Amino acid sequence: MNEVTRLDTIAEYSLQVAEEDPSLNQLLAALAQLFDAPIALVSLIGADFQFFKARYGLAADRTRLEDAFCAHVVAQDAPLVVEDASIHADFHHNPLVTGDPHIRFYAGVPLQLNHVPVGAVCVIDKVPRTVSALQLALLEKVSAHVSHYLTLWHQHKQLQQEQDLLEQSPAVLMQWRNLHGLSLSYVSGNIDTLFDLPAEALRQKQAVLEDFILPSSLNDFNFLLTNHQSGVAAAEAHFQIKSRNNKLFWVKLISRAFFTNDGRLDAIHAMLIDHTANRYTEVKLTETNQQMRLLLDASGLGTWDWNIQSDVSKVNRRWCEMLGLDYELFDSSSLFWRQLIHPADQTGLDAELQRHLDGKTLVFNTVYRMKHQAGHWVWIETYGKVVTRDSQQQPVRLAGTHRDITAKKEAELLETKQRQLLSFINKAQAIYLRTGDLSDACREVLAELTEIADSQFAFIGQMLPHNGQQSLFIHAITELSWNEHSSQLVELYQQGQLYFDSFDNLFGKVITSQALIISNEPASHPAAKGTPVGHPKIFRFLGLPIMLKDGLVGMIGLANKFSDYSAADAAFLQPLCDALAGLFYAVEQEQARVRAEEQLKNLAMTDPLTGIPNRRAFIEHCARLKNSPTGYVLAILDIDHFKRVNDTYGHAAGDEVIKLIGRKLQFCLRSDDYSARLGGEEFALLIEHTEIDMVHLLLENLRLEISAEVVNTADADVSVTVSIGARYVPAGEVEDLHLQMADADVALYKAKENGRDCLMWF
Ligand SMILES: Nc1nc2c(ncn2[C@@H]2O[C@H](COP(=O)(O)OP(=O)(O)OP(=O)(O)O)[C@@H](O)[C@H]2O)c(=O)[nH]1
């Protein structure tokens, strides 16, 4: 047996320290008496010296290794008897022989621990002697007994250590035995840390465990014991106890039951652990979780938790409610929620998600649309974060919240649209003010109207008289060239001449009823006459009346919105209807003003008696002749002896004659020629674009026509002649009109001089 094994064994049995054992000392005393020897020893052979676990009759507790007789016993693992050391070859120089204690006789047997020789049990005498086989056998028995004793001592030591550990551990050990009913048979000493009560008090039944358990927890504790009694092998209970000094603890009792062969409960071994700190954390955590849940419920937030690596998503009920989904039927795969995301938002969402997973953003915060079960889109704001990453820093779990921001988002979109609407209303008004053309203004804004109304088709129409009936004049329309039959409409539209006059249809219903028409199923509307032949299918229609002072003045037609038209759409577009009503009104006002102005101008330029232009009109008309590229003729016509007519037949008859001249002038002159009454019985003529001979003939003809006419008055038939003075003005002449007129007047004077009823040239 090598030295290492021996030393390990000594260490294992905790014998390396020379610690004497009183019991073994007594045994050695008895052994020495039996052998009638002065010294008896239990020795252990250490690394550097031999030491004694027990000794009798020797003062020293150790010797040098090289002097040790027992070392020989260990080395040969066999008994050693030296009858007279003083003459023994190996020992006669040994200091223990030559000096104190003057050993002469030695008888030793090996001391084995776990079959390893570690020392010896020996008797020593200071005089030479012999030993019988019987005595040697006795020595061996004592050695075996010492070995057994040391083993037990070692085990006891170990148990004591374990006991110490247990006593210091937070776990209290307990045992119940079921002898005559279940009763606590053991409890470890450390129970006093919890109960402030010595374990003895419980062991000796001076106190009962149940007295320390709070009444509210007693049921849980009894339930555990009852469970074991009815055959349950392992159990666990949590309950509250109150110590003798009134401190409250949460404890956890983990127990295991042992049963007899016939199945009867024999014992319960249990561990009672102070669980207060954990329990406190648990309670706090539960409270916090409850508060969080309450907060989440109150805030209306949906929650989600996505394990990216295993692709398992968990959501709360609110998450499902937002999308009208059944919570129980939620599918945890990401494929499920991905297919609910609006196609237009998919790319942006993925990019934002990737940025966060790559660690480029602190939070994953974005807005997108998800499809509600009912078919509409819900605007969702998501706010999340990677909560777990693996050892390679790859994201494992992402968790966050969902907020339904549809109302906010729609309000924002509405506001944007309203701004757009106002801006294009302003634009339409500005175009109208600039060009004075309402159709231009309507055409300019039509594309924007279809865009903000989310529609495919649109038209803006105004009620105007056309072919003797009120018709809808189309200022602007999106698309007309849908087939070859519509080319005529396109042409009319381009000429600004497109009128709809048949109102026995869906859009006509807006005009006849003067009311808003919303139809998301035009096919089944009673007024619908079907989509016009060749027109792309109309599957939704919104007709908005344009009203002015309670009367309809026009309408806007919209068709094929992506989703249903609603009263909200009509309300949204009302400002446009009002603006158009205002523009229609402004146009009407402007046209009326122009007409009135025209009339006033006409009045100022017209001779009231004859209805032909007056002197002012004649002079204004002639003013534009200044740069005439051709020559012209100015003529003045005067009724002969008109005073006489007045005097003879009365002033009224004179008026009739003057009117006759007016009619004759219009009748005899060509449409390009111009005539006016200068005043009294004097008229002026302007004849352009012709030869002077032709003018001569024309004027002569006029003169003759007048003289041939008879005016029937109340008293008599009157006829008159006229004298005409004419002046030819060649092209390029720069002379003043008044001088030219004066020249014509000179010619007239000559005609009068010449006997009247004739034409004279200047
Ligand atoms: N009934 C009527 N008479 C008018 C009107 N304006 C002018 N007179 C008259 O016309 C007459 C013009 O007369 P005069 O200038 O003397 O010339 P006359 O009698 O035509 O003679 P001659 O021109 O020399 O041929 C006057 O008696 C005016 O009162 C009118 O609007 N109605």
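Residues numbered from 1 in each chain as written. Predicted model: local features only at pLDDT ≥ 70, side-chain atom pairs only at ≥ 80, totals over all residues. Heavy atoms only, no water.

> Go over the overall build of the protein with me, naming the residues and quoting the values.
Check the secondary structure of the protein and you find 22 helices and 29 strands. Considering the protein as a whole, with its 762 residues, one finds that 43% of them fall into the buried category. Taking the contacts inside the protein whose residues are at least 6 apart along the sequence as the reference set, 56% of them involve residues at least 24 apart. Entry remark: accessible area of the protein is about 40600 Å², with carbon and sulfur atoms responsible for 53%. (Helix = DSSP H or I, 4+ residues; strand = E, 2+ residues; numbered from the N terminus. Buried < 20%, exposed > 50% of the residue type's maximum accessible area, 1.4 Å probe, protein only. Contact = heavy atoms within 4.5 Å. Areas by Shrake-Rupley, 256 points an atom, 1.4 Å probe, with all protein chains shown as cover.)

> Now, about the site of the ligand: what can you tell me, with residues and values included?
In the region of the ligand, 16 residues are neighbours, and H641, F642, K643, N646 and R756 sit closest. D638 has a polar side-chain atom sitting 3.4 Å from an oxygen atom of the ligand. The backbone of I639 places a nitrogen or oxygen atom 3.4 Å from an oxygen atom of the ligand. In the complex, the protein chains occlude 65% of the 660 Å² of accessible area that the ligand would expose alone. Listed by contribution, the elements that provide at least two residues to the shell around the ligand are β23 (632-639), α19 (642-649) and α20 (651-668). The class makeup of the residues in the shell around the ligand is three nonpolar, five polar and eight charged. (Near = heavy atom within 4 Å. Polar contact = N/O pair within 3.5 Å; in protein donor to acceptor, adjacent residues only side chain to side chain. Nonpolar A, V, L, I, M, F, W, Y, C, P; charged D, E, K, R; others polar.)

> Tell me about unusual backbone geometry, and please be specific about residues and values.
Cis peptide bonds are those with omega within 30 degrees of zero, and the linkage from D100 to P101 qualifies with 5°. Along the chain, P101 falls in the loop between α4 (95-98) and β5 (105-113).

> So, the sheet that holds strand β4 (residues 80-82): which residues are in play, and what are the values?
Two strands in a sheet stick together by hydrogen bonds in their backbones, pointing the same way (parallel) or opposite ways (antiparallel). Taken together, six strands build an open sheet; the order of strands is β3-β2-β1-β6-β5-β4 and the sheet is antiparallel. Pairing within the sheet leaves two strands with one partner each, and these edge strands are β3 (62-64) and β4. Direction aside, the axes of adjacent strands within the sheet are offset by 25° on average. In the sheet, β5 pairs with strand β6 (residues 116-125) via nine bridges, with the strands oriented antiparallel. Counted as the bridge partner of F105 is D125 from β6. The sheet strands contacting helix α2 (residues 22-35) are β1 (39-45), β2 (49-56) and β6, and the helix crosses β2 at an angle near 75°. (Pairing = 2+ DSSP bridges. Axes fitted to C-alpha atoms, helices over the stretch in contact; angles between N-to-C directions.)

> Describe the environment of F35, naming the residues involved and giving the relevant values.
Topologically, F35 is positioned in helix α2. For F35, a relative accessible area of 2% puts it in the buried group. Through-space distance from the C-alpha of F35 to that of V123 is 7.5 Å; in sequence the pair is 88 residues apart. The contact partners of F35, leaving out residues within four places of it in the chain, are V123, R129, V131, Q135, L138 and L139.

> Just give me the short version of the pairing of strand β28 (residues 722-729), but keep the residues and values in it.
One face of the sheet, then the other: side chains in a regular strand alternate in exactly this way. The buried fraction of β28 is high, at seven of eight residues. By the bridge criterion, eight bridges tie β23 to β28 in an arrangement that is antiparallel. Bridging from a neighbouring strand, D638 pairs with S723 of β28. Regarding topology, helix α22 (residues 737-753) serves as the crossover connection from β28 to the parallel strand β29 (residues 759-761), and that connection is left-handed. (Right-handed = clockwise from strand over helix to strand, strands pointing away.)

> Report on the sheet that holds strand β21 (residues 541-548), specifying residues and quantitative values.
In space, the six strands of this open sheet follow the order β19-β18-β17-β22-β21-β20, with antiparallel pairing throughout. For this open sheet the edge positions go to β19 (499-500) and β20 (517-519), each flanked by a neighbour on one side alone. Note that strand β17 (residues 457-466) and strand β22 (residues 551-559) share six bridges and pair antiparallel. Its bridge partner being in β22, F457 is matched across the sheet by A559. Packing against the sheet, helix α17 (residues 567-605) makes contact with β17, β18 (469-477), β20, β21 and β22, and its axis sits at approximately 40° to β21.

> Go over the packing of α2 against helix α5 (residues 133-168), please, and point to the residues and values.
Where α2 meets α5, the axes come as close as 12 Å, and the angle between the chain directions of the two elements is 175°. Between α2 and α5, the angle falls in the class roughly antiparallel. Residues S23, L24, L27, L31, L34 and F35 of α2 lie in contact with α5, whose contacting residues are Q135, L138, L139, V142, H145, V146, Y149 and L150. Classifying every residue of the contact of α2 with α5 by side-chain character gives 11 nonpolar, three polar and no charged. (Parallel < 35°, antiparallel > 145°, perpendicular 65-115°, else oblique.)

> Give a detailed account of helix α13 (residues 406-435), specifying residues and quantitative values.
End to end, α13 covers 42 Å across 30 residues, agreeing with the expected 44 Å (1.5 Å per residue, within 8%). Listed as buried for α13 are T406, L421, F424, I425, A428, I431 and Y432. If you follow the buried residues of α13, they end up packed against β15 (377-389), β16 (395-404), α14 (438-452) and α17. Within two residues after α13, G436 carries a phi angle of roughly 70°, on the positive side. (Expected span 1.5 Å × (residues − 1).)

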